[in-house]
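Observations on the model geometry
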Amino acid sequence: MNQRIKVGIVGLGRLGKLYAGYFLRQIHQAELVAVADIQESVAQSFATAHQVPKWYQHHQDLLADKHVQAVVIVSPTSTHRNVVMEAANQGKAIFCEKPLSLSLQEAEEMEQRVAQKGVFFQMGFMRRFDKGYMAARKKIDEGIIGHPIVFKSCSRDPFRPSLEYLDPRHSGGLIVDCAIHDIDLARWYMGEVRSVYAVGRNLAYPEMDEIGDVDNAITTLSFRNGALGVIDNSRSGVFGYDIRTEILGTKGSLQVGYIRETPLLVLTKGEVSHDTVPYFMERFGQAYVSQLQNFVDNLVEGKEPPIRCSDGLANLKVALAATRALQEGHPVEV
């Protein structure tokens, strides 16, 4: 098929620029025709430098552009609700980066509007498109490890982002911003979550006290089918970007992830060493490309999205319940 989906991107922050670059160079059957960013100079300079036909300061103007068929939302989470609602009103196909929203009320409104308008909507949880995580799901479906009974996952950043980014008013906090990836995998592999409990503290960055968030947290999960889970999140991984998951089954176990970036061991007298994964772009670059290509392919071929608005809502319910458990010090039903 020669059809090319005309795409507009809302939000040109760190991830938004990455996505724009992917659409410009690596995503087949798609054409980046417009970008928008609340900082007008950012949108204008990016469009000029990369020969994107149109640029806008306000997302409403991009969504009103009749040439834009699909919108990719990479703006701050606190803006997702307004962009999604307007995109649905304009009949655009929607790709929305995680998390869906910062509140259940907004997320439910978004799901209802998407359903009412009948627009295509796909959530962005790129780990589902990583080769290792995809292979693990296939092994589970094939019954290789029997029935999954324990889920363990860790997500550790090598350093903390800016306090402005980390502020829960913008990011949702450590669990909503970071653990939601692990929560999505937990639901994908194990099924729905019944209850959660979480503990966390500022152990490496005391300055995070001023924004009311924690730099390390551990969340335990009880699944509806009786299985158990634990998630370890950290902003202070120090040595590198550490993303690993294990699924224990009744007949075996699956381990996904790695911490050595280059397939090289250096062996000297009394020491064996290797490098580590620098950050998320190096670890999940291909997964980001794969999920965006999947979005475009689904539009071109008329397929259903693999990760729906309902998944974004379900993940958010678990993440907000865990955040409440962290704040109140007791288990919380989802």
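The structure contained in this document is the topic of the report that follows.

Reading the values: the criteria
Residues numbered from 1 in each chain as written. Predicted model: local features only at pLDDT ≥ 70, side-chain atom pairs only at ≥ 80, totals over all residues. Heavy atoms only, no water. Phe/Tyr/Trp six-rings, centres within 6.5 Å; stacked < 30°, edge-to-face > 60°. Helix = DSSP H or I, 4+ residues; strand = E, 2+ residues; numbered from the N terminus. Buried < 20%, exposed > 50% of the residue type's maximum accessible area, 1.4 Å probe, protein only. Lys NZ or Arg CZ within 6 Å of the ring centre and 35° of its normal. Pairing = 2+ DSSP bridges. Contact = heavy atoms within 4.5 Å. Axes fitted to C-alpha atoms, helices over the stretch in contact; angles between N-to-C directions. Core = buried A, V, L, I, M, F, W, Y, C linked by side-chain atoms within 4.5 Å.

**Comments concerning the packing of aromatic side chains**
Tallying each qualifying case throughout the model produces 11 aromatic pairs. Relative to Y22, the ring of Y19 lies with its centre 6.4 Å away and its plane at 40°, an arrangement referred to as tilted. Here the residue Y19 and the residue Y22 both occupy positions in helix α1 (residues 14-25), the gap between them amounting to three residues, near one helical turn. The same class applies to Y19 as to Y22, namely buried. Pairing Y279 with F280 gives two aromatic rings, centres 5.0 Å apart and planes at 70°, and the pair type is edge-to-face. Across the pair, exposure class does not vary: Y279 and F280 are buried alike. Members of the aromatic cluster, joined through ring pairs, are Y19, Y22, F95, F120, F159, Y241, Y279, F280, F284, Y288 and F295. Positioned above the aromatic ring of Y205 is the side chain of R160, whose terminal nitrogen or guanidinium carbon lies 5.7 Å from the ring centre.

**Some details on the sheet that holds strand β11 (residues 242-249)**
Taken in spatial order, the seven strands of this open sheet run β12-β11-β7-β10-β9-β8-β15, and their pairing is mixed. Either end of the sheet is taken by a strand with one partner, and the two such strands are β12 (253-257) and β15 (332-333). Summarising the sheet, strand β8 (residues 193-201) and strand β9 (residues 216-223) pair through eight bridges and their orientation is antiparallel. Across the sheet, residue V199 finds its bridge partner in β9, namely I218. Contacts from helix α6 (residues 131-141) reach β7 (148-156), β11 and β12, with the element oriented near 165° to β12.

**Structural notes on the nonpolar core**
By size, the foremost hydrophobic cluster in this structure holds 100 residues, and its most contacted members are I9, Y19, F23, I94, F151 and Y189. Not counting residues up to four positions away in its chain, the partners in contact with Y19 are I9, V72, V74, F95, E97, Y288, Q291 and L292. Formed by five residues, the second largest nonpolar core is a distinct cluster that contains L163, L166, Y205 and I211.

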